[in-house]
Amino acid sequence: MTSAATTDQRVRLDKWLWAARFYKTRTLAKEAIEGGKVHYNDQRCKPGKLVEQGGELKLRHGWAERTIIIDQVSDRRRGAPEAQMLYHETEDSIRHREELAWQRKTMQAAQLPPARRPSKKDRRTIQRFKDQNGI
């Protein structure tokens, strides 16, 4: 990369997350860090924490939790292919995310929607059942 991606550079965690394209803005990165969704070397930290090459980050985005290793330090936001060169995801993290995605897909397949909407008579029966059972 360029001189902006040297190992002796001092970069804040929120700025690195923004440069690596995990978050669209530094404000979103800061809010995620303060909200406990980002852990640096298995500890909660502040947005101003300085990142180092080889540091481990745990990021939680919705359902997915990623464990990544910092390969390069940069404070410049570049294109996605260059941003992906700043880090790599661990094999365990990839396997765990794929496993959770598979579980979510199978759970959705198990809950098939009804073939049709309930008729007026069906709705009355459902309501009577709920009233009798205190639901």
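Residues numbered from 1 in each chain as written. Predicted model: local features only at pLDDT ≥ 70, side-chain atom pairs only at ≥ 80, totals over all residues. Heavy atoms only, no water.

Considerations on the nonpolar core
Operational definition: As used here, the term nonpolar core means buried Ala, Val, Leu, Ile, Met, Phe, Trp, Tyr and Cys residues forming a set that is joined through side-chain atoms within 4.5 Å. Remark: exposure states derive from per-residue accessible area (1.4 Å probe, protein chains only) relative to the maximum for the residue type, with buried under 20%, exposed over 50%, and partly exposed in between. In this description, contact between two residues means that some pair of their heavy atoms is separated by no more than 4.5 Å.
Formed by 21 residues in total, the largest nonpolar core has its most connected members in L13, W16, L17, F22, V38 and L57. Contact partners of L13, with chain neighbours within four places excluded, come to I33, V38, Y40, C45, K46, P47, K49, V51 and L57.

Examining unusual backbone geometry
Most peptide bonds take the trans form, and the phi angle of most residues other than glycine is negative. Condition: By definition, any uninterrupted DSSP run of H or I lasting at least four residues is a helix, any uninterrupted run of E lasting at least two residues is a strand, and each is numbered from the N terminus.
Non-glycine residue R21 carries a positive phi angle of around 65°. Relative to the assigned elements, R21 resides in the loop between α1 (13–19) and α2 (26–34). Unusually for a residue other than glycine, N41 sits at a positive phi of about 50°. Along the polypeptide, N41 turns up in the loop between β2 (38–40) and β3 (43–44).

A short note on the sheet that holds strand β6 (residues 64–70)
In plain terms, the rule: Between any two strands, at least two bridges found by DSSP are needed for them to pair.
Here we have five strands laid out as an open sheet, ordered β3-β2-β5-β6-β7, and antiparallel in their pairing. Two strands bound the open sheet, and with one partner strand each, they are β3 and β7 (87–89). With three bridges connecting them, β6 and β7 associate as antiparallel partners. Across the sheet, the residue bridging to I68 is E89, located in β7.

So, the environment of K49
Tracing the backbone shows K49 in the loop between β3 and β4 (50–51). For the pair K49 and D14, spaced 35 residues apart in sequence, the C-alpha separation works out to 8.1 Å. Not counting chain neighbours up to four residues away, the residues in contact with K49 comprise V11, R12, L13 and Y40.

Considerations on the side chain of S93
Relative to the helices and strands, S93 is located in helix α4 (residues 91–110). For S93, the contacting residues outside a window of four places in its chain are E65, R66 and T67.

Let's talk about a positive patch on the surface
Our working definition: What goes into a patch is any residue over 30% in relative accessible area without a salt bridge, connected to like charges within 9 Å or, for nonpolar side chains (Val, Leu, Ile, Met, Phe, Trp, Tyr), within 5 Å. Only the protein chains shown count as covering a residue, and every accessible area follows the Shrake-Rupley method with a 1.4 Å probe. Between Lys or Arg on one side and Asp or Glu on the other, a salt bridge is scored when a side-chain nitrogen of the former is within 4 Å of a carboxyl oxygen of the latter. Only four residue types enter the charge count, namely Lys and Arg as positive and Asp and Glu as negative; His and the chain termini do not. Where a charge lies is defined by one atom per residue type: Lys uses NZ, Arg uses CZ, Asp uses CG and Glu uses CD.
Together, R117, K120, R123, R124 and R128 make up a positively charged patch on the protein surface. With respect to the element layout, R117 can be found in the loop between α4 and α5 (120–133).

Points about the packing of aromatic side chains
Selection rule: A pair of aromatic rings is counted whenever rings of Phe, Tyr or Trp (Trp by its six-membered ring) have centres within 6.5 Å, and the orientation is called stacked for planes under 30 degrees apart, edge-to-face for over 60 and tilted otherwise.
Counted according to the given criterion, the structure contains three aromatic pairs. Ring plane angle 75° and centroid distance 6.3 Å describe the contact between W16 and Y87, whose orientation is recorded as edge-to-face. With W16 in helix α1 and Y87 in strand β7, this residue pair connects regions lying 71 residues apart in the sequence. A relative accessible area of 0% places W16 in the buried class. Ring geometry for F22 and Y87: centres 4.7 Å apart, planes at 45°, overall tilted. Within this pair, whereas F22 is found in the loop between α1 and α2, its partner Y87 is found in strand β7, the two being separated by 65 residues in sequence. Given the relative accessible area of 10%, F22 is considered buried. Site record: aromatic cluster; members linked through ring pairs are W16, F22 and Y87.

Such coordinate-based values are descriptive only and should not be taken to indicate function.
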